[in-house]
Amino acid sequence: MTLSFTLRVTFVVSVLVACLHIGQAWAGPHSTAQAGSQSGSGHAVSFSAEQVAHGAQIYAGACAMCHGADLEGGHDVPDLGTYFTARWANTPIDQLAGYISRAMPLMAPGTLPPQDTAALVAFLLHQNGVISATDAPLPMEEARLAKLRFPVPSASSVMGGKP
Amino acid sequence: MKRRDLFAASLAAGIMGSTRRVRAATPDASAALGRTALHGTIPRIVPVRAHADQIMDIKVCLRPFRPAGPRMDVEHVAGKTVVHNYGHGGSGWSLSWGAAYMAVGHAAATLERKVAVVGCGIIGLTSALTAQRAGLDVTIYTRDLLPHTRSVRANGSWTPDSRIALTQQAGPEFARTWEKMARYSWQTYRDYLGMPGNPIDFRDNYTLSDTAPDAADHVPVPADAAKGTFATTGMPQSSAEFAEYASRISDIIPAPELLAGADNPFPVAYARRTPLMIYNFGAYGHLLLEEFHQAGGRIVIREFHTPSDLADLPERVVINCPGYAARDWWNDKSLIPVRGQTSWLPPQPEAPYALEYKGAAMISKSDGVMIQGYDMYGLGEMDGVGNSFEHPDRAEAEKAIAIIGDLFTRFQLRDG
Ligand SMILES: Cc1cc2nc3c(=O)[nH]c(=O)nc-3n(C[C@H](O)[C@H](O)[C@H](O)COP(=O)(O)OP(=O)(O)OC[C@H]3O[C@@H](n4cnc5c(N)ncnc54)[C@H](O)[C@@H]3O)c2cc1C
């Protein structure tokens, strides 16, 4: 009786502590931090802050009108946040860069120079909580991108400490 | 904001949306507020039979209201990733698909293929369906199925910013999130229009008034300083504290029209007409459950008593949709009950419209004529706040029905 009561109280306290986060209930699409270096197979993913900033700029001008300011997508346009992460996790990054350069922006496909595509990929990774392994920029060459994989959300951040 | 926008916005907020203070105003002012309906477009109105001796059911419900807006963050408890989706106030039906889309996104990002959904109210059910549509394998764990949940004790119409948050506590970021949810939901509901049994439908909603509606009616009444605010007392104290976001989506929500002179069939001086989206609970609820089962969904009847009960579920991701019950089950004391009551008369398909008059609302639906006294005491958004007496009040039901009944006693059928 006493034991279970103590357990219960401890539990309630931890739940209360958890409830303190309620104020942040409306975080963006990126809820879980993922370390690029934890990417399951392949090499650690790195991108530079300049790429992220440049990508953000292109995104705002050429992508946000359809995919939303917060990458949320909509009823008729795919999101580039949580669902996007699930769709692309573990895929070689050259495929994502290739898709963007061939197919996006939808009204002018094939118009993005390689450095803009790389910047957009860096921006998308960053917005989805991927932490760059080093300051090195994301490469533009297909062959080098093919060795990198879209990072899987890290187990510890998703599964509450369970590996 | 332009006056017309203001007007359209607050009307779009729907039946329980906004406080309407009736004040003397010039007809010119009201004429400036909206487009006048084209002559001849008002159908012949069949009066509704609204009498207390026709009551077949009185439903009472507590809106799960959180000052900061619904809870939709991710927590790690009992070895599970718990994605919360509860606390949608008086807007749960309206926002359901948009809220589900956001919650399921968090679940999908875990890359788990199997998810558990706690709760089978409108939030749990739409979360479960949305998860299936994202390719996930879903089991609903719930104490009750939809017909016994608080969800079906609602009014059941498009009211996306009814008691959804307090402006101050929710902050500007939530206004943006609200807009995304509302737009996504509205578009998803269109998928269910025009189907057999009309699960989702529209009604012309007539907003009636004996005095001129004016933009001033829709300006929030300044808070009574002596009463304080939520920030100083821990409870909302005035209508002015409640968030109004409807103007953010006025580009996709049909606007009201004024009914001029001879075109106004009602025995009141002022009438406006707005197409209103409604939910026919019976047809819609069955359709959603059917879709869930057809897609291979499973339902397990189970009640959870403490969060640690989640530990023995086979799924590692849980979408938590318990509605007001989160106050106890998840110990979320930020949930404030907002009581509301609807009474139901037999269906009157010959009178397919809705109206609002003197704080009472009527919607003629396929599963009954719903009458709700949403603001009969001049309390505005404060009506029912903090009241958890979830038990029918027959006198209140009769008072609301009498408002509608009295209107039609004075109603004169037009010739032709
Ligand atoms: C009078 C009134 C009128 C309204 N009108 C409208 C309207 O016109 N439009 C609109 O959009 N909204 C309206 N609302 C608001 C809307 O009804 C709510 O926001 C919505 O029903 C909340 O749904 P929910 O699924 O979160 O909760 P609920 O419907 O309460 O469902 C909760 C589910 O969780 C289950 N559950 C709870 N605790 C446990 C547990 N411990 N273990 C297992 N299962 C559990 C329950 O069995 C149930 O299945 C109205 C509300 C009221 C009161």
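Just so you know, these numbers come straight off a predicted model, no measurement behind them.

**Some remarks on the nonpolar core**
Residue and element names in this part refer to chain B.
Turning to step 1, where the next piece is worked out: The biggest cluster of nonpolar side chains holds 62 residues, and the ones touching the most others in it are Trp93, Trp158, Tyr245 and Tyr284.
Turning to step 2, where the next piece is worked out: At the level of elements, helix H3 (92-108), strand S5 (114-118), helix H4 (122-133), strand S6 (137-142), helix H5 (167-190), strand S9 (270-279), helix H7 (281-294) and strand S11 (317-320) are the ones that each hand at least two residues to this core.
Turning to step 3, where the next piece is worked out: Counting 31 residues, the second-largest nonpolar core is a separate cluster that includes Val48, Tyr353, Met376 and Ile401.

**Notes on the UniProt feature "domain: Cytochrome c" (unreviewed entry) in chain A**
Turning to step 1, where the next piece is worked out: Here the UniProt-annotated "domain: Cytochrome c" (unreviewed entry) positions come out as residues 50-128 of chain A.
Turning to step 2, where the next piece is worked out: Counting secondary structure, residues 50-128 of chain A comes out at 62% helix and 0% strand; the distance between its end C-alpha atoms is 17 Å.

**Remarks on the environment of Phe408 of chain B**
Turning to step 1, where the next piece is worked out: On the secondary structure map, Phe408 of chain B appears in helix H9 (residues 394-409).
Turning to step 2, where the next piece is worked out: With 261 residues separating them along the chain, Phe408 of chain B and Pro147 of chain B place their C-alpha atoms 32 Å apart.

**A look at helix H6 (residues 114-127) of chain A**
Structural remark: α-helix, 3.6 residues per turn; residues separated by three or four positions point the same way.
All names here are of chain A.
Turning to step 1, where the next piece is worked out: With 14 residues, H6 ought to run about 20 Å at 1.5 Å a step, and its terminal C-alpha atoms sit 20 Å apart, in line with that.
Turning to step 2, where the next piece is worked out: Burial analysis of H6 places 10 of its 14 residues in the buried class, which makes it a mostly covered element.
Turning to step 3, where the next piece is worked out: Asp116, Thr117, Ala118, Ala119, Leu120, Val121, Ala122, Phe123, Leu124 and Leu125 are the residues of H6 that are buried.
Turning to step 4, where the next piece is worked out: Following H6 by one or two positions, Gly129 has its phi on the positive side, about 85°.

**Here we look at the site of the ligand**
Residues and elements named next belong to chain B.
Turning to step 1, where the next piece is worked out: Neighbouring residues of the ligand: 39 residues in total, closest Cys61, Gly89, Ser94, Asp144 and Ser151.
Turning to step 2, where the next piece is worked out: Residue Ile122 places a main-chain N or O atom 3.3 Å away from an oxygen atom belonging to the ligand.
Turning to step 3, where the next piece is worked out: Within the contact set of the ligand, an oxygen atom lies 3.0 Å away from a backbone nitrogen or oxygen of Gly156.
Turning to step 4, where the next piece is worked out: Surface burial for the ligand is 98%, taken as the share of its 1000 Å² of free accessible area covered by protein chains.
Turning to step 5, where the next piece is worked out: Going through the elements one at a time, strand S2 (57-65), H3, H4 and strand S12 (336-345) are the ones with two or more residues in the shell around the ligand.
Turning to step 6, where the next piece is worked out: For the shell around the ligand, the per-class residue count stands at 13 nonpolar, 19 polar and 7 charged.

**A look at the sheet that holds strand S13 (residues 353-357) of chain B**
Across a sheet, paired strands are connected by hydrogen bonds in the backbone, their directions being either parallel or antiparallel.
Residues and elements named next belong to chain B.
Turning to step 1, where the next piece is worked out: Spatially, S1-S8-S9-S7-S13-S14-S15-S12-S2 is the arrangement adopted by the 9 strands of the open sheet, whose pairing is mixed. Looking at strand neighbours, the two that pair on one side only are strand S1 (35-36) and S2, the edges of this open sheet.
Turning to step 2, where the next piece is worked out: Here strand S8 (residues 257-258) pairs with S9 via 2 bridges, running antiparallel. From the neighbouring strand, Leu258 faces S9, where its bridge partner is Arg272.

**Comments concerning the side chain of Ser151 of chain B**
Residues and elements named next belong to chain B.
Turning to step 1, where the next piece is worked out: Residue placement: Ser151 occurs in the loop between S6 and H5.
Turning to step 2, where the next piece is worked out: Residue classification places Ser151 among the buried positions, given a relative accessible area of 15%.
Turning to step 3, where the next piece is worked out: Contacts of Ser151, omitting those with residues within four sequence positions, involve Trp93, Gly121, Ile122, Leu146 and Phe281.

**Some remarks on the confidence of the model for chain A**
Residue and element names in this part refer to chain A.
Turning to step 1, where the next piece is worked out: Per-residue pLDDT for chain A averages 78, and the proportion of residues at 70 or more is 68%.
Turning to step 2, where the next piece is worked out: In the model, residues 35-40 has pLDDT below 50 throughout and makes 12 contacts with residues more than four positions away in sequence or in other chains.
Turning to step 3, where the next piece is worked out: For residues 155-163, every residue scores under 50 in pLDDT, and the model assigns this stretch 18 contacts once sequence neighbours within four places are set aside.

**Quick look at the confidence of the model for chain B**
Predicted coordinates in regions of low pLDDT should not be interpreted in detail.
All names here are of chain B.
Turning to step 1, where the next piece is worked out: Here chain B shows a mean pLDDT of 90. Residues at 70 or above account for 89%.
Turning to step 2, where the next piece is worked out: Contacts from residues 1-31, a stretch scored under 50 in pLDDT, to residues over four places away or in other chains number 89 contacts.
Turning to step 3, where the next piece is worked out: Overall fold confidence (pTM) sits at 0.87, and the ipTM for the predicted complex is 0.81.

**Quick word on the packing of H4 of chain B against H7 of chain B**
Residue and element names in this part refer to chain B.
Turning to step 1, where the next piece is worked out: Two elements in contact, H4 and H7, have axes whose closest approach is 10 Å; the angle formed by their N-to-C orientations is 35°. Where H4 crosses over H7, the handedness of that crossing is left-handed. Of the residues in H7, those in contact with Ile122, Leu125, Ala128, Leu129, Gln132 and Arg133 of H4 are Tyr284, Leu288, Leu289, Glu291 and Phe292.
Turning to step 2, where the next piece is worked out: Classifying every residue of the contact of H4 with H7 gives 8 nonpolar, 1 polar and 2 charged.

**Side note on the packing of helix H2 (residues 49-62) of chain A against H6 of chain A**
All names here are of chain A.
Turning to step 1, where the next piece is worked out: At a closest axis distance of 7 Å, the pairing of H2 and H6 adopts a crossing angle of 100°. Taken together, H2 and H6 sit at an angle that is classed as roughly perpendicular. Mapping the contact onto sequence places Gln51, Val52, His54, Gly55, Ala56, Ile58 and Tyr59 in H2 and Gln115, Asp116, Ala118, Ala119, Leu120, Ala122, Phe123 and His126 in H6.
Turning to step 2, where the next piece is worked out: Here the contact of H2 with H6 is composed, by residue class, of 9 nonpolar, 5 polar and 1 charged.

**Things to note about the pattern of salt bridges**
Turning to step 1, where the next piece is worked out: Here the structure, examined in full by the defined rule, presents 29 salt bridges over all chains.
Turning to step 2, where the next piece is worked out: Where Lys59 of chain B meets Asp57 of chain B, a salt bridge forms, and the shortest distance between an N and an O atom there is 3.1 Å.
Turning to step 3, where the next piece is worked out: The exposure class of Asp57 of chain B is partly exposed, given its relative accessible area of 30%.
Turning to step 4, where the next piece is worked out: In this structure, Arg71 of chain B engages Asp73 of chain B in a salt bridge whose closest nitrogen and oxygen atoms are separated by 2.8 Å. Across this residue pair, the class does not change: Arg71 of chain B and Asp73 of chain B are buried.
Turning to step 5, where the next piece is worked out: Through salt bridges that share partners, Asp70 of chain A together with Glu173, Arg176 and Lys180 of chain B make up one connected network.

Rules used throughout
Residues numbered from 1 in each chain as written. Chains lettered and ligands numbered in written order. Predicted model: local features only at pLDDT ≥ 70, side-chain atom pairs only at ≥ 80, totals over all residues. Heavy atoms only, no water. Core = buried A, V, L, I, M, F, W, Y, C linked by side-chain atoms within 4.5 Å. Buried < 20%, exposed > 50% of the residue type's maximum accessible area, 1.4 Å probe, protein only. Helix = DSSP H or I, 4+ residues; strand = E, 2+ residues; numbered from the N terminus. UniProt positions renumbered as here; feature names shortened; annotations may be inferred. Expected span 1.5 Å × (residues − 1). Near = heavy atom within 4 Å. Polar contact = N/O pair within 3.5 Å; in protein donor to acceptor, adjacent residues only side chain to side chain. Areas by Shrake-Rupley, 256 points an atom, 1.4 Å probe, with all protein chains shown as cover. Nonpolar A, V, L, I, M, F, W, Y, C, P; charged D, E, K, R; others polar. Pairing = 2+ DSSP bridges. Contact = heavy atoms within 4.5 Å. pLDDT = per-residue confidence, 0-100. Axes fitted to C-alpha atoms, helices over the stretch in contact; angles between N-to-C directions. Left-handed = near helix turned anticlockwise from the far one by under 90°. Parallel < 35°, antiparallel > 145°, perpendicular 65-115°, else oblique. Salt bridge = Lys/Arg side-chain N within 4 Å of Asp/Glu carboxyl O.

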